[in-house]
Amino acid sequence: MVQEDDLVEYGFRRVIITITAVMCALLEIVDTTIVNVALTDMRGSLGATLTDVAWVITAYAIANVIVIPMTSWLSQQFGRKNYFAASIIIFTVSSFLCGNASNIWELVAFRFIQGLGGGALLVTAQTIITESYPVAKRGMAQAIYGMGVIVGPTLGPPLGGYLVENYSWPYIFYINIPLGIIATFLTITYVKSPKYGEKLKANQVDWWGIIFLMAFIGSLQFVLEHGQQDDWFDDNLIVFLSVLSIVGLLAFIWRELTYKHPIVNLTVLKDGNLRIGTIMCFILGFGLYGSTLILPIYTQSILGWTALDAGLLLIPGSITTAFMMPIIGKLIQRGVPQGYMVALGFLVFFIFTFWMHNIITPDTGEEHMFWPLILRGIGLGLLFVPITTLSLSTLKGKQIGEGAAFTGMMRQLGGSFGIAIITTFITRFTQEHRVNLNSHLNVTSLEVQQRIQQLQQGFMSKGFTSNEALGKAYQVMDLTILQQSTVMSYMDIFMYLGVMFLFCIPIIFFIKRGKNKINPADAMH
C-alpha cells in the first residue's frame, strides 16, 4: 500500500499505465455497443425471439449500473490493484464463455457476469489515470481518458459489423481475450494501490445497502428496457418492479444515511455543484446515448445501410470530439468558467438536433448528415469534460472518487432512460403519424389513383395478374406510409431532444464558482 503522492508516475511507467487504463475503459465501452449490430445473427443461431435477445443488452447494463456506485468501496476493500486485475480477469473469462454460449439464457447469464467485471473497469481506470499524473497535468490525463470514453461507443458498431459480416458473432466476444490477457499482465506489473482507509470485517459490510441498491437499480433498469414491449403499466411484472424500485430507493437512502460504514457515501451530495453536475450528467447520458441510438436505426431501417456503414457515419464526429478534448482541458486549466462552456455545449447540441430534424427524409444522403454530426462532436466535447469537472470542483480527497461514482452512475442511468423513452416514443409517434397520413389519403383523389395505377402497371409488366398487381400496389403504398410516419417520428424525437437541451441552459446559473481549480481528471468517471 502506498500514500497518495507516491502514486504519481513518470516516463515509461506512466505511459504503460495510461495505455493499460485506456485499453480497459475501451474494452468495457466498446462492449456495450458492439452487441447491437450482432443481435439479428444471435437470434438466428440461438433461436431466440427479439424480446429474449434484448436481454443480452439489458443484463450487461443492469450489472454495470449496480457495480459502478460500489467501485470506490470495493477498491478499498481488496486493494485497487487486486480489484482492477480481478475485474479484467472476470471480464475476459466471461467474454470467452459468452462466445461459447449454446442458448440465449446462457449468453445472458455470462453477459451479466461480464457486466459486473466491466463496470469496475471504467471507474477504476479513471481513478488510476488521474492519480498517476501530477496535479498540474491532470487536465491532459482527463482528456486522454475522455477520448476513450467518447470514441468507444462509436467504434463498437463498425467493428461489430465487420466481425459479424466476415466471421461470426462469437468473435465480437473473443476479440476481448488477447486484450484482456495483456491488460491483466500490465496491471499486475505496473499499477499500485493507494491506502485510503481500513478494510471492513465481513460483519461490518453494508450487506443491506447492497441488497437495496440491487433492488432499486436492477428493477429500474428492467422497467426501462422492457417497458415498451410489455406495454408499460398494463403488465403486472412492470408494475411490481416499479414499486420495488421506489421502495428499494427509499430503503437504500435511509440505510446509507444511518449506517456507520455505508457502501455509497450519500453525504457527498450536500455539495451543490455535485448535485447540479449529477443532473447534467443524466441529461448528457440521455442525449449522448439517445442520439447514438436513433442514427443507426434510422440509417439501417430507413436508408438500408449495412451495420458497417452506419457505424462509420459516426466516426468523423467522434474524431472531432477527441480533437476537442485536449483543447477544452487547456481552457479549463487557464480558468475559463466551465459554466459558459456547458451552456455553449447545450446550445450547440440544440442546433444539431434542430438541423437533424430538418434534414431527415426517407432518402437523406450521407453528405447531408456529415456537418450536423461534426457539430454534435463539438457539442459533446464542450459538455463532457466541463460537466464532470464542474460537479467535482468543490470536493476534496476521497470525496472526489465518491462524487465521480455518482456522475458515472447518472450518466449510465440517463442513457437507459433515454433509450427507453425514445423507443417508446418512436412507437407511439409512428402510430399517430400513420393514422394521420392515412386519413389524408383519399382513394377518390386523382393523385392517389394515378399512383396506384402506375404501381399496378409496374407489377403487371413483371408478370402478375391484374388483381395480384393491385394488391401489391396497395402494399407498396402502405409501406411508403409506414416509412414516412417512422421518419416523422424521428423528426419529432430530434425536436424534443433539442428543446430539452435548451431548457438545460438556465440551470448553469445555479452554479457556485469553485475556490480550488479542480483538475478535469478527477472528474471523469
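Cut-offs and rules
- Starting afresh in each chain, residues are numbered from 1 along the sequence in its written order.
- Predicted model: local features are reported for residues with pLDDT of at least 70 only, side-chain atom pairs are reported and counted for 80 or more only, and whole-chain, interface and lining totals are derived from all residues.
- Side-chain calculation: all heavy atoms of the structure are included, whereas hydrogens and water are not.
- Under the scheme used here, helices are H or I runs from DSSP no shorter than 4 residues and strands are E runs no shorter than 2 residues, and both carry numbers assigned from the N terminus.
- Under the scheme applied here, a residue whose accessible area is under 20% of the maximum for its type counts as buried, over 50% as exposed, and between as partly exposed, the area being computed with a 1.4 Å probe on protein chains only.
- Contacts between residues were defined by any pair of non-hydrogen atoms, one from each residue, lying within 4.5 Å.
- Helix axes are fitted only over the stretch in contact, all axes being lines through C-alpha atoms; the angle between N-to-C directions runs from 0 to 180 degrees.
- Our angle categories are set so that under 35 degrees counts as roughly parallel, over 145 as roughly antiparallel, 65 to 115 as roughly perpendicular, and the remainder as oblique.
- By the definition used in this description, the sense in which the near helix is turned from the far one sets the handedness, with an anticlockwise turn below a right angle giving left-handed and a clockwise turn giving right-handed.
- Only Asp, Glu, Lys and Arg are considered charged, only Ala, Val, Leu, Ile, Met, Phe, Trp, Tyr, Cys and Pro nonpolar, and every remaining residue, Gly among them, polar.
- The way it works is a 1 Å grid over only the protein atoms, where trapped points that fit a 1.4 Å probe form a cavity and open points with protein on both sides within 12 Å along at least five of seven lines form a pocket, and then any residue with an atom within 4 Å of a point lines it.
- Grid points are joined across faces, edges and corners, and a volume is the space filled by probe spheres set on the points.
- Remark: nonpolar core denotes a set of buried residues (Ala, Val, Leu, Ile, Met, Phe, Trp, Tyr, Cys) joined through side-chain atoms within 4.5 Å.
- Take a side-chain nitrogen of Lys or Arg and a carboxyl oxygen of Asp or Glu: if they are within 4 Å of each other, that pair is a salt bridge.
- What qualifies as a polar contact is a pair of N or O atoms within 3.5 Å, subject to a donor-acceptor requirement within protein and to the restriction that residues adjacent in sequence count only when both atoms come from side chains.
- Centres within 6.5 Å make a pair out of two Phe, Tyr or Trp rings, where for Trp the six-membered ring is used; the pair is then stacked when the planes are under 30 degrees apart, edge-to-face when over 60, and tilted otherwise.
- In this scheme, Lys NZ or Arg CZ marks a charge over a ring once it lies within 6 Å of the ring centre and within 35 degrees of the ring normal.

## Considerations on the side chain of Arg111
1) Next: Tracing the backbone through its elements, the reader meets Arg111 in helix α5 (residues 104–132).
2) Next: Judged by relative accessible area, which is 0%, Arg111 ranks as buried.
3) Next: In this structure, Arg111 is in contact with Asp31, Val35, Val56, Ala59, Tyr60, Cys98 and Phe173, ignoring residues within four places of it in sequence.

## Description of the packing of helix α11 (residues 272–302) against helix α18 (residues 466–504)
Helix packing for two helices is described by the angle between their axes and how far apart those axes are.
1) Next: At a minimum axis distance of 11 Å, the contact between α11 and α18 shows a crossing angle of 160°. One element, α11, and the other, α18, form an angle in the roughly antiparallel class. Judged by the sense of rotation from one axis to the other, the crossing of α11 with α18 is left-handed. For the pair α11 and α18, contact is made by Met280, Ile283, Phe286, Gly287, Ile294, Leu295, Ile297, Tyr298, Ser301 and Ile302 and by Gln483, Thr486, Val487, Tyr490, Ile493, Phe494, Leu497, Met500, Phe501 and Cys504, respectively.

## Description of the packing of helix α4 (residues 80–100) against helix α8 (residues 176–190)
1) Next: Two numbers describe how α4 lies on α8: the axes approach to 9 Å, and their chain directions differ by 165°. It follows from the interaxial angle that α4 and α8 lie roughly antiparallel. You can see that α4 and α8 cross each other, and the crossing is left-handed. Contact residues: Lys81, Phe84, Ala85, Ile88, Ile89, Phe91, Thr92, Ser95 and Phe96 in α4; Asn176, Ile177, Gly180, Ile181, Ala183, Thr184, Thr187 and Ile188 in α8.
2) Next: The residue makeup of the contact of α4 with α8, split by class, is ten nonpolar, six polar and one charged.

## Some points on empty space enclosed by the protein
1) Next: Counted by the stated rule, this structure contains four cavities of 30 Å³ or more.
2) Next: The volume enclosed by the largest cavity comes to roughly 120 Å³.
3) Next: Elements represented by at least two residues in the lining of the largest cavity include exactly α1 (11–46), α6 (138–166), α11 and α16 (398–440).
4) Next: Sorting elements by how many residues they give to the lining of the largest cavity places α1 first, with four residues.
5) Next: In this structure, the second largest cavity occupies an estimated 90 Å³ of space.

## Here's the deal with the nonpolar core
1) Next: If you look at the biggest cluster of nonpolar residues, it comprises 129 residues, and the most contacted ones within it are Met42, Leu107, Ile172, Phe346 and Met369.
2) Next: Among the elements that take part in this core, α1 stands out by supplying 15 residues, more than any other.
3) Next: If we ignore the near neighbours within four places in the chain, the residues touching Phe346 are Met280, Ile283, Leu383, Ile387, Phe501, Cys504 and Ile505.
4) Next: Membership of the second largest hydrophobic core comes to five residues, among which are Val448, Ile452, Leu455 and Ala473.

## A closer look at the pattern of salt bridges
1) Next: Applying the stated criterion across every chain yields a total of one salt bridge.
2) Next: A salt bridge links Asp478 to Arg434, with the nearest nitrogen and oxygen atoms 2.9 Å apart. Of this pair, Asp478 sits in helix α18 while Arg434 sits in helix α16, placing them 44 residues apart in sequence.
3) Next: Given a relative accessible area of 25%, Arg434 falls into the partly exposed group.

## Examining the side chain of His433
1) Next: For His433, the position within the fold is in helix α16.
2) Next: By relative accessible area, which is 14% here, His433 ends up buried.
3) Next: Looking at His433, its side chain comes within polar contact range of the side chain of Asp492, at 2.7 Å.

## Thoughts on the packing of aromatic side chains
1) Next: In this structure the tally under the stated criterion is twelve aromatic pairs.
2) Next: Ring centres 4.6 Å apart and planes at 40° place the aromatic pair Phe349 and Phe501 in the tilted group. With Phe349 in helix α14 (residues 338–359) and Phe501 in helix α18, this residue pair connects regions lying 152 residues apart in the sequence.
3) Next: Its relative accessible area of 2% is what places Phe349 among the buried residues.
4) Next: For Phe501, a relative accessible area of 1% puts it in the buried group.
5) Next: Each ring, one from Phe429 and one from Tyr496, has its centre 5.8 Å from the other, and the planes form 25°; the classification is stacked. Here Phe429, found in helix α16, pairs with Tyr496, found in helix α18; they are 67 residues apart in sequence, far enough to count as distant.
6) Next: With relative accessibility at 11%, the residue Phe429 sits in the buried group.
7) Next: Residue class for Tyr496 comes out exposed when judged on its relative accessible area of 52%.
8) Next: Among the aromatic residues, ring-to-ring pairing joins Phe346, Phe349, Phe352, Phe494 and Phe501 into one connected group.
9) Next: Here the basic side chain of Arg111 rests over the ring of Tyr60, its NZ or CZ set 4.1 Å away from the ring centre.

## What to know about the environment of Phe222
1) Next: Residue position: Phe222 is located in helix α9 (residues 207–226).
2) Next: When the C-alpha positions of Phe222 and Ala61 are compared, they lie 9.4 Å apart, and in sequence the two are 161 residues distant.
3) Next: Those residues within four positions of Phe222 in sequence are excluded, and the remaining contacts are Trp55, Ile62, Gly227, Leu237, Ile238 and Leu241.

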